[in-house]
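# Breakdown of the fold
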Amino acid sequence: MRLNGVHIEDTFAEAFPMLGTRLVITADTPAWVQAAVVSMTGFATSVIACGCEAAMERALPPGETPDSRPGAAVLLFAMSKAELAKQVARRVGQCVMTCPGTACYAGLRDGPTIPLGNALRYFGDGWQIAKRVGIRRYWRIPVMDGEFLCEAATGTVDGVGGGNFIILAADRRSGLAAAQAAVLAIREVPGAILPFPGGVVRSGSKIGGKYKGMIASTNTAFCPTLRAAVPASLVPEGVESILELVIDGVSEAAVAATMRAGIAAVADLGAAGGVVSVTAGNYGGKLGRYQFRLHEVMA
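About the cut-offs
- Note on numbering: residues in each chain are counted from 1, in written sequence order.
- Under the rules for a predicted model, residues below a pLDDT of 70 receive no local features and side-chain atom pairs below 80 are neither given nor counted, while totals for whole chains, interfaces and linings still include all residues.
- To get the side-chain values, all heavy atoms of the structure are used, and hydrogens and water are removed first.
- UniProt positions are given in the numbering used here, feature names are shortened, and annotations may be inferred rather than shown by experiment.
- The secondary structure listing takes helices from DSSP runs of H or I that are at least 4 residues long and strands from runs of E that are at least 2 residues long, numbered from the N terminus.
- Both definitions apply: the radius of gyration is a C-alpha atom measure, and the globule rule equals 2.2 Å times residues to the power 0.38.
- Here a residue-residue contact requires only that any non-hydrogen atoms of the pair lie within 4.5 Å.
- Values of accessible area rely on a 1.4 Å probe in the Shrake-Rupley scheme; residue burial ignores everything except the protein chains shown.
- Only four residue types enter the charge count: Lys and Arg as positive, Asp and Glu as negative, with His and the chain ends excluded.
- Where a charge lies is defined by one atom per residue type: Lys uses NZ, Arg uses CZ, Asp uses CG and Glu uses CD.
- Here, nonpolar core refers to any group of buried Ala, Val, Leu, Ile, Met, Phe, Trp, Tyr and Cys residues whose side-chain atoms link them within 4.5 Å.
- Here's how the labels work: a residue is buried when its accessible area is under 20% of the maximum for its type, exposed when over 50%, partly exposed in between, all with a 1.4 Å probe on protein chains only.
- Here a helix's expected span is defined as the number of its residues, less one, multiplied by 1.5 Å.
- Here a pair means two rings of Phe, Tyr or Trp (six-membered ring of Trp) with centres within 6.5 Å. Their orientation is stacked below 30 degrees between planes, edge-to-face above 60, and tilted elsewhere.
- Residues adjacent in sequence count toward polar contacts only when both atoms are side-chain atoms; beyond that, a polar contact is any pair of N or O atoms within 3.5 Å, and within protein one must be able to donate a hydrogen and the other to accept it.
- Lining residues are those with an atom within 4 Å of a point, where the points come from a 1 Å grid over the protein atoms alone and group into cavities, where a 1.4 Å probe fits but cannot get out, or pockets, open sets with protein on both sides within 12 Å along at least five of seven lines.
- Grid points are joined across faces, edges and corners, and a volume is the space filled by probe spheres set on the points.
- Amino acids are sorted into nonpolar (Ala, Val, Leu, Ile, Met, Phe, Trp, Tyr, Cys and Pro), charged (Asp, Glu, Lys and Arg) and polar (every other residue, Gly among them).
- Just so you know, the domain bounds were taken from an automatic or database domain assignment.

For the chain, the name recorded in an unreviewed UniProt entry is Formylmethanofuran--tetrahydromethanopterin formyltransferase, with Azospirillum aestuarii as its organism. You can read under Sequence similarities (unreviewed entry) in the UniProt record for the chain the words "Belongs to the FTR family." UniProt's Function (unreviewed entry) comment on the chain is quoted here verbatim: "Catalyzes the transfer of a formyl group from 5-formyl tetrahydromethanopterin (5-formyl-H(4)MPT) to methanofuran (MFR) to produce formylmethanofuran (formyl-MFR) and tetrahydromethanopterin (H(4)MPT)."

See below:
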């Protein structure tokens, strides 16, 4: 398949089940919302080493938040309910409750719940107050600028982690331009996030490595500097830069939609923009439950 001169490989991205949740964070100004979100989602790129994968799903105007203030929806994903609950409690407690003027609400109503304010209320040292509004329960925790309002619990969803596609480009400038175009397009699609810095991964990984104890190591097959040294290199002549986008979503449909939007944005730049081809990372279908076939995604 070719789109605007860009070769779309006949392959698939292999993805995995993950448990996810959505949180809504609000504050007095968009700047303070952003401060809380950046802190909360920091060091949340990969469950390989970070415990969870998280990023802002989208900014929310005051008309879409529970308290009519500026806000943001954040998605977090982990490999188990226990790990997700631990990461949510730690990140909200250390990064949202500490941020001036913030409040935190459940972004999902359905599915099994994990503690939110229920896990943080003890910080109130006995002065915390429970509040029920309809079917929703909150905790009011005294802090030095007033109160931190936090919903008691949040719902979870059976999500999909590790959807991906890989951009092969003629040079670094072209590859980065293509990746950034894909990021902008993907961020317009609800229900999914790009957990890596700026949405882009340059250090793609493979399972295991040469050294004992390594869970993952550099994906040598896609390293341009190793093209002549690695027998199984997948870097063709004329390609000097390769970047990957990794996607986590609340459903298969959300991941497929974001992949479609991202690849279409890359193809819009075309061969004239230095894009050579688009492929995807997989393990031969042996590890992940989900397979996103690029030709089907782009059909």
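That shown, we press on.
Along the chain, the regular secondary structure elements total 6 helices and 18 strands. Against the 2.2 N^0.38 benchmark of 19 Å for 299 residues, the chain shows a C-alpha radius of gyration of 21 Å, consistent with a compact globule. Principal axes of the C-alpha set define a box for the chain whose edges measure 65 × 45 × 30 Å. Put simply, 73% of the contacts in the chain that link residues at least 6 apart link residues at least 24 apart. Carbon together with sulfur atoms contributes 57% to the accessible area of the chain, which is approximately 14200 Å² in total. Between the centroid of the 27 positive side chains of the chain and the centroid of its 24 negative side chains there is a distance of 6 Å.

What follows deals with the environment of L287. Along the polypeptide, L287 turns up in the loop between strand 17 (275-279) and strand 18 (290-293). Each C-alpha atom of the pair L287 and E244 lies 19 Å from the other, and the pair is 43 residues apart in sequence. When sequence neighbours within four positions are dropped, the list of residues in contact with L287 reads E14, F16 and I207.

Turning our attention to the nonpolar core. Nonpolar side chains in soluble globular proteins generally cluster together in the buried interior. In terms of nonpolar packing, the biggest core is built from 32 residues, with L76, V92, C104 and F148 touching the most fellow members. Ranked by residue count, the leading element in this core is helix 2 (residues 81-96), at 6 residues. L76 has contacts with L19, G20, T21, L23, M40, C52, E53, A54, L84, V88 and R91, leaving out every residue within four places of it along the chain. By size, the runner-up hydrophobic cluster in this structure holds 31 residues, among which are V200, L243, Y290 and V297.

Between its first and last C-alpha atoms helix 2 spans 21 Å; for 16 residues at 1.5 Å apiece the expected length is 22 Å, and the two agree. All of the buried residues along helix 2 are L84, A85, Q87, V88, A89, R91, V92, G93, C95 and V96.

What follows concerns the packing of aromatic side chains. Applying the stated criterion across every chain yields a total of 2 aromatic pairs. Aromatic pair F16 and Y283: ring centres 6.1 Å apart, planes at 50 degrees, arrangement tilted. In this pair, F16 sits in strand 3 (residues 12-26) while Y283 sits in the loop between strand 17 and strand 18, placing the two residues 267 residues apart along the sequence. The class for F16 is partly exposed, based on a relative accessible area of 25%. Given a relative accessible area of 33%, Y283 falls into the partly exposed group. Centroid distance Y105 to Y138: 6.2 Å. Interplanar angle 80 degrees. Geometry classified as edge-to-face. Taken together, the positions of Y105 in strand 6 (residues 103-106) and Y138 in strand 9 (residues 136-143) put the pair 33 residues apart, joining distant regions of the chain. For the pair Y105 and Y138, a shared accessibility class is recorded, and that class is buried.

This next bit is on helix 4 (residues 172-186). The end-to-end C-alpha separation of helix 4 is 21 Å, in line with the 21 Å expected for 15 residues at 1.5 Å each. Residues of helix 4 that are buried: S174, G175, A178, A179, A182, V183 and I186. Those residues of helix 4 that are buried lie in contact with strand 12 (157-169), strand 16 (241-249), helix 5 (252-269) and strand 17. At the N-terminal end of helix 4, a side-chain oxygen is found 3.2 Å from the backbone nitrogen of R173, two or three residues along, and the residue is D171.

For the rest of this paragraph, the subject is the layout of surface pockets. Vacant regions in the atomic arrangement are exposed by a probe of water-molecule size rolled over the atoms. Taken as a whole, the largest pocket encloses approximately 940 Å³ of empty space. Going through the elements one at a time, strand 3, strand 12, strand 14 (205-207) and strand 16 are the ones with two or more residues in the lining of the largest pocket. Residue contributions to the lining of the largest pocket peak at 4 residues, all from strand 12. Along the lines of polarity and charge, the residues of the lining of the largest pocket split into 22 nonpolar, 11 polar and 5 charged. A domain split of the lining of the largest pocket shows at least three residues from each of domain 1 (2-14 + 159-297) and domain 2 (19-157).

Its identity is not glycine, yet F43 carries a phi of approximately 50 degrees, on the positive side. Position of F43 among the secondary structure elements: in the loop between helix 1 (30-41) and strand 4 (53-60). A residue is classified by how much of its surface remains accessible, and F43, at 60% relative accessible area, is exposed. Here the phi dihedral of S68 falls at roughly 60 degrees; this positive angle occurs in a residue that is not glycine.

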